[in-house]
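Each chain, written out:
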Amino acid sequence: MTTNTSDNHPSNTGSSLKGGYTSDVTPAGGKFWNRETSVENDYSGKVTNEARIVCLSDPNDPNNDPLYHKDLPEGCRLVAVGASYEEFDLELLQREKPNVVFVSHPKSREPLAKLLDKLPSIEWIHSRSAGIDFILSETLSNKNVIVTNAKGMYSSTLAEYTMMAISYFAKDLPRLMQQKQNKEWIKYPVEEIRGKTLGIIGYGDIGRAAAKLANAFGMKVIALRRRPKLSHYDPYCNEVLHEGEINTLMQRSDYVLIAAPLTTQTKGMISKKEFANAKSNSVIINVGRGPIIDEPELIEALNSNMIRGAALDVASVEPLPETSPLWTFDNVLLSPHNMDMTVTFMKESTEFFVRENLPRYVRNIPLLNPVDKVAGY
């Protein structure tokens, strides 16, 4: 299904647009949080529930200070902190009956599954990350628990990285830096970004933040998502494609941004066929998860000049092994999965949990950033 939005929505001239959209990054409605546009709420209603919190986290993580060392909202208390299942006193937990789990440790899948099996009192799990692939398990999928994440906390900086990566190739920054090193004053033609097409695979909060900036640069935006109708009136999209039309997006995009979550459906979704359909001068930008791209096929596409280059903030194996050929390509921009790593981003993510969702939980107000624990996003 293809939805062409260029003739179906009004121009972005006001704060309220057709289809529930605003001129900001997130659709109106209040279901999701966005650090760029959301306003911190004042929760003063009656507390009707107690939050007994277990942190599956590094006890020495300073980014969790708002949870470890500051006064928690009314009706909330911290029961235990541990980085692994073995670090918890199971008898204490069974006695305290915790109902909330805050997860920030990268190796949380197995310990979380064990806690869920042993503690039927758990009702809600919150991930400090936007991606939840590191906690997904069959156990979690089968439990009657709510899962929320940090959607909206990292979108703006990843959108900025996307435009930086586009400029890196459009203005040929490697040549510029080499000429400076060689003290060479040699003029060369550069590419204009305006009028180019950005294809976005995974049009969630990050994808839409990138579309907003691309729109400001005068780019055309084609989005790919599982439910295209959700973006039918999006002011930042010229066209929305169904997930089955991925090769159409590859054929028409000068730059392809991968901002999808890692699920069983998205793993390896950019592979030999997709590279064969890509423009020969296209650039692949990945801010999602490394395994979404079939890495050997990416290397082959680069070797055979099927694509112009790649900008990768993520890799299939992290840290990227020293033996990886990706290190050797002049037309590959690599960053160590840190383009969302602002000075305050993790602490802000913890503060979102403490200041926004905990007060909601103890007042039985619907939580922000709900996640489908089966779909993985």
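Structural data are supplied above this passage.
First, a word on what this report is: a plain description of the structure on this page. Nothing here was measured: the structure is a model prediction, and the numbers come from that model.

Regarding the packing of aromatic side chains
The geometry of an aromatic ring pair is captured by two quantities: the separation of the ring centres and the angle between the planes.
In step 1: The final tally for this structure, using the stated rule, is 6 aromatic pairs.
In step 2: Arranged with centres 5.2 Å apart and planes meeting at 75°, the rings of Tyr 168 and Phe 169 form a pair that is edge-to-face.
In step 3: Relative accessible area serves as the criterion here: at 15%, Tyr 168 is assigned to the buried category.
In step 4: Here Phe 169 falls in the buried class, since its relative accessible area comes to 8%.

What about unusual backbone geometry?
In step 1: Residue Pro 319 is bonded to the preceding Glu 318 through a cis peptide linkage, with omega at 0°.
In step 2: The topology assignment puts Pro 319 in the loop between β12 (309-312) and β13 (332-334).
In step 3: Here Lys 97, not a glycine, exhibits a phi torsion of approximately 55°, which is positive.
In step 4: Residue position: Lys 97 is located in the loop between α2 (90-96) and β4 (100-103).
In step 5: Phi at Asn 305 takes a positive value of approximately 60°, unusual for a residue other than glycine.
In step 6: When you line up the elements, Asn 305 lands in the loop between α10 (295-303) and β12.
In step 7: For Asn 305, a relative accessible area of 56% gives the class exposed.

So, the side chain of Glu 191
In step 1: Topologically, Glu 191 is positioned in the loop between α6 (173-182) and β7 (197-201).
In step 2: A distance of 2.5 Å separates a polar atom in the side chain of Glu 191 from a polar atom in the side chain of Tyr 255.

Things to note about the pattern of salt bridges
Side chains that differ in sign of charge can pair as their charged atoms come close.
In step 1: Evaluated as defined, the whole model comprises 12 salt bridges.
In step 2: Glu 191 is the salt-bridge partner of Arg 308, the closest N and O atoms lying 2.9 Å from each other. One end of the pair, Arg 308, is in the loop between α10 and β12; the other, Glu 191, is in the loop between α6 and β7, and 117 residues separate them in sequence.
In step 3: Judged by relative accessible area, which is 26%, Arg 308 ranks as partly exposed.
In step 4: On the basis of relative accessibility, which here comes to 18%, the residue Glu 191 falls in the buried class.
In step 5: The salt bridge partner of Glu 192 is Arg 194, with a shortest N-O separation of 2.9 Å.

A closer look at the nonpolar core
In step 1: Residues Ile 166, Leu 198, Met 219, Tyr 255, Leu 257, Ile 285 and Val 287 are the most contacted members of the largest nonpolar core, which totals 39 residues.
In step 2: Contributions of two or more residues to this core are made by α5 (155-170), β7, α7 (205-216), β8 (220-225), β10 (255-258), β11 (283-286) and α11 (345-361).
In step 3: With 9 residues, the single largest contributor to this core is α5.
In step 4: Discounting residues that sit within four places of it in the chain, Ile 166 has contacts with Ile 193, Leu 198, Met 219, Tyr 255 and Ile 285.
In step 5: The next biggest cluster of nonpolar side chains, apart from the first, holds 30 residues, and it includes Ile 246, Leu 312, Phe 329 and Val 332.

A closer look at the sheet that holds strand β3 (residues 76-82)
In step 1: Spatial ordering of the open sheet is given by β3-β2-β4-β5-β6, a layout of 5 strands whose pairing is parallel. Sheet topology places β3 and β6 (146-148) at the edges, where each strand pairs with a single neighbour. Pairs of neighbouring strands in the sheet enclose a mean axial angle of 20°, with direction left out of account.

Quick look at α10
In step 1: Looking only at α10, the buried set comprises Glu 295, Leu 298, Ile 299, Ala 301 and Leu 302. When α10 is viewed along its axis, its buried side chains cluster within an angular range of 160° and face the same direction. Residues Pro 296 and Asn 303 are exposed on α10 and point more than 90 degrees away from its buried face.
In step 2: Contact partners of the buried residues in α10: α9 (272-277), β12 and β13.

Cut-offs applied
- Residues numbered from 1 in each chain as written.
- Predicted model: local features only at pLDDT ≥ 70, side-chain atom pairs only at ≥ 80, totals over all residues.
- Heavy atoms only, no water.
- Phe/Tyr/Trp six-rings, centres within 6.5 Å; stacked < 30°, edge-to-face > 60°.
- Buried < 20%, exposed > 50% of the residue type's maximum accessible area, 1.4 Å probe, protein only.
- Helix = DSSP H or I, 4+ residues; strand = E, 2+ residues; numbered from the N terminus.
- Polar contact = N/O pair within 3.5 Å; in protein donor to acceptor, adjacent residues only side chain to side chain.
- Salt bridge = Lys/Arg side-chain N within 4 Å of Asp/Glu carboxyl O.
- Core = buried A, V, L, I, M, F, W, Y, C linked by side-chain atoms within 4.5 Å.
- Contact = heavy atoms within 4.5 Å.
- Pairing = 2+ DSSP bridges.
- Axes fitted to C-alpha atoms, helices over the stretch in contact; angles between N-to-C directions.
- Arc of directions from axis to C-beta.

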